[in-house]
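Secondary and tertiary structure notes
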Amino acid sequence: MHRLRQNEDNDVTADGGRTAELKLPALADAVVLPWDSAISKSKHVYGFDSLDPRSRPFNMMRAKLHELRHERRWRLFGVVSATPKVGKSFITANLAASLSRDPQFETTAVDLDLRLASLTTLFGIDPKVGIRAYLENRPSAQVPTAYALAGERLTIWPTVAGAVRSAELLANSRAEAMLQAMRASPANRLFMIDLPPVFANDDAATVLKRLDAYLVVAEEGRTTQRELRDVIDLLGSDQLAGVVLNKYRGGLVSEGYGVDHYYAAGYGTTEPGDDLR
Ligand SMILES: Nc1ncnc2c1ncn2[C@@H]1O[C@H](COP(=O)(O)OP(=O)(O)O)[C@@H](O)[C@H]1O
Ligand SMILES: [Mg+2]
């Protein structure tokens, strides 16, 4: 068990890692925003609509994540990429959307890509208390504000993008309290966490130690086999849930914008690069 330092605000106890009363906002606490199918499609969020063929790869990934949840008790999934602009947030949002369709579970999309945060723009959110404000311990920022979309069951904890010392913020005691509260949440709560690109800084690696697993997003024609291998070397294969190949031309949805994926089963035994053909 991880021992925590007591911080100035006493929001984290030093008693072996238990957090003091951080109640994470759930779907019932969320501020509901306007949303409908047309907005969703215009934002490239297909995962809510199982009739849309573009939701299929996400529903298949969802099934795999449920297998991993069942077999390994994994619930806290980080999404990483080697570099920006390969579709990491697109995959996070669509997979979270797909997961949220199952009423047995409560799914939260969390934006911890503090500098390049984009769930705000994607879902049209101007956060009252974003994750960054919570981490910076600003006045009246005791918990991040949760958002939901009209007619959907997805909870979103967004953050406002900006030049911040994200590695330090994500290593502080408030981040620790938040991640511990996520872990202590009911077993039917699932978290899809948009993490910073791995080679930007050490933020992703820092947060990942507190999560169960990660998915790596690679973009065909942009992410190299070397980059993908370096990400997995850095983060380790024990927590690797899978590799998502975005904009894969031969992919499951082929309008030039397909998505394909490879999963943890037996993954550690193959060379990641071999799969990126
Ligand atoms: N497979 C895809 N189909 C449609 N749009 C996509 C796809 N992948 C990425 N995009 C779009 O490309 C842009 C960059 O993707 P984004 O997820 O923000 O990248 P990252 O989070 O890796 O920086 C976004 O506008 C996103 O909607
Ligand atoms: Mg992003």
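Refer to the preceding data block for the structure.
Residues numbered from 1 in each chain as written. Chains lettered and ligands numbered in written order. Predicted model: local features only at pLDDT ≥ 70, side-chain atom pairs only at ≥ 80, totals over all residues. Heavy atoms only, no water.

**Quick notes on the pairing of strand 2 (residues 76–81)**
Taken residue by residue, a regular strand's side chains alternate between the two faces of the sheet. Convention followed: Remark: exposure states derive from per-residue accessible area (1.4 Å probe, protein chains only) relative to the maximum for the residue type, with buried under 20%, exposed over 50%, and partly exposed in between. Secondary structure elements are defined from DSSP: runs of H or I of at least 4 residues count as helices, runs of E of at least 2 residues count as strands, and each element is numbered from the N terminus. When DSSP finds at least two bridges between two strands, those strands are taken to pair.
With six of six residues buried, strand 2 is to be regarded as a mostly interior element. Neither face of strand 2 is exposed, since Leu 76, Gly 78 and Val 80 on one face and Phe 77, Val 79 and Ser 81 on the opposite face are all buried. Across four bridges, the pairing between strand 2 and strand 6 (residues 189–194) is parallel. Bridge pairing links Phe 77 to Met 192 in strand 6.

**Quick word on the site of ligand 1**
Under the convention used in this document: Whether a residue is near a molecule or strand depends on its heavy atoms: it is near if one of them lies within 4 Å of it. Polar contacts here mean pairs of N or O atoms no more than 3.5 Å apart (in protein, one a potential hydrogen donor and the other a potential acceptor; neighbouring residues in sequence count only if both atoms are side-chain atoms). Think of it as three bins: nonpolar holds Ala, Val, Leu, Ile, Met, Phe, Trp, Tyr, Cys and Pro, charged holds Asp, Glu, Lys and Arg, and polar takes everything else, Gly as well.
Around ligand 1, a shell composed of eleven residues is seen, among which Lys 85, Lys 88, Ser 89, Phe 90 and Asn 246 lie nearest. Between an oxygen atom of ligand 1 and a main-chain N or O atom of Val 86, the distance comes to 3.0 Å. One of the side-chain nitrogen or oxygen atoms of Ser 89 is found 2.9 Å away from an oxygen atom of ligand 1. Looking at the shell around ligand 1, the elements with two or more residues in it are helix 3 (88–100) and strand 8 (240–248). Of the residues forming the shell around ligand 1, the biggest block, three residues, is contributed by helix 3. Counted by class, the shell around ligand 1 contains four nonpolar, four polar and three charged residues.

**A closer look at helix 3**
Just so we agree on the cut-off: Given the number of residues in a helix, its expected span is that number minus one, multiplied by 1.5 Å.
Compared with an ideal rise of 1.5 Å per residue, which puts 13 residues at 18 Å, helix 3 spans 18 Å between its outermost C-alpha atoms and is within 8% of the ideal. Most of helix 3 sits inside the fold, with twelve of its 13 residues counted as buried. Buried within helix 3 we find Lys 88, Ser 89, Ile 91, Thr 92, Ala 93, Asn 94, Leu 95, Ala 96, Ala 97, Ser 98, Leu 99 and Ser 100.

**Section: the nonpolar core**
For clarity, the cut-off: The criterion is simple. A nonpolar core is a set of buried Ala, Val, Leu, Ile, Met, Phe, Trp, Tyr and Cys residues joined through side-chain atoms within 4.5 Å. Residues count as neighbours in contact if any of their non-hydrogen atoms are within 4.5 Å of one another.
Val 80, Leu 112, Trp 157, Met 178 and Met 182 are the most contacted members of the largest nonpolar core, which has 43 residues in total. For this core, the element with the most residues is helix 7 (residues 173–183), which contributes six residues. Those residues in contact with Val 80 that lie beyond four places of it in its chain are Lys 88, Leu 195, Pro 196, Val 198, Ala 204, Tyr 214, Leu 215, Val 216, Val 217, Val 231 and Leu 235. Judged by nonpolar contacts, the second largest core, of 36 residues, contains Ala 97, Leu 154, Met 192 and Ala 241.

**Considering the pairing of strand 3 (residues 106–111)**
Among the six residues that make up strand 3, six are buried, leaving the element largely enclosed by the rest of the structure. Side chains Glu 106, Thr 108 and Val 110 of strand 3 all project onto a buried face; the interleaved residues Thr 107, Ala 109 and Asp 111 project onto the opposite face, where all are buried too. As paired elements, strand 3 and strand 6 share six bridges and run parallel to each other. Within strand 6, the residue paired with Asp 111 across the bridge is Asp 194.

That's the geometry; what it means functionally is another story.
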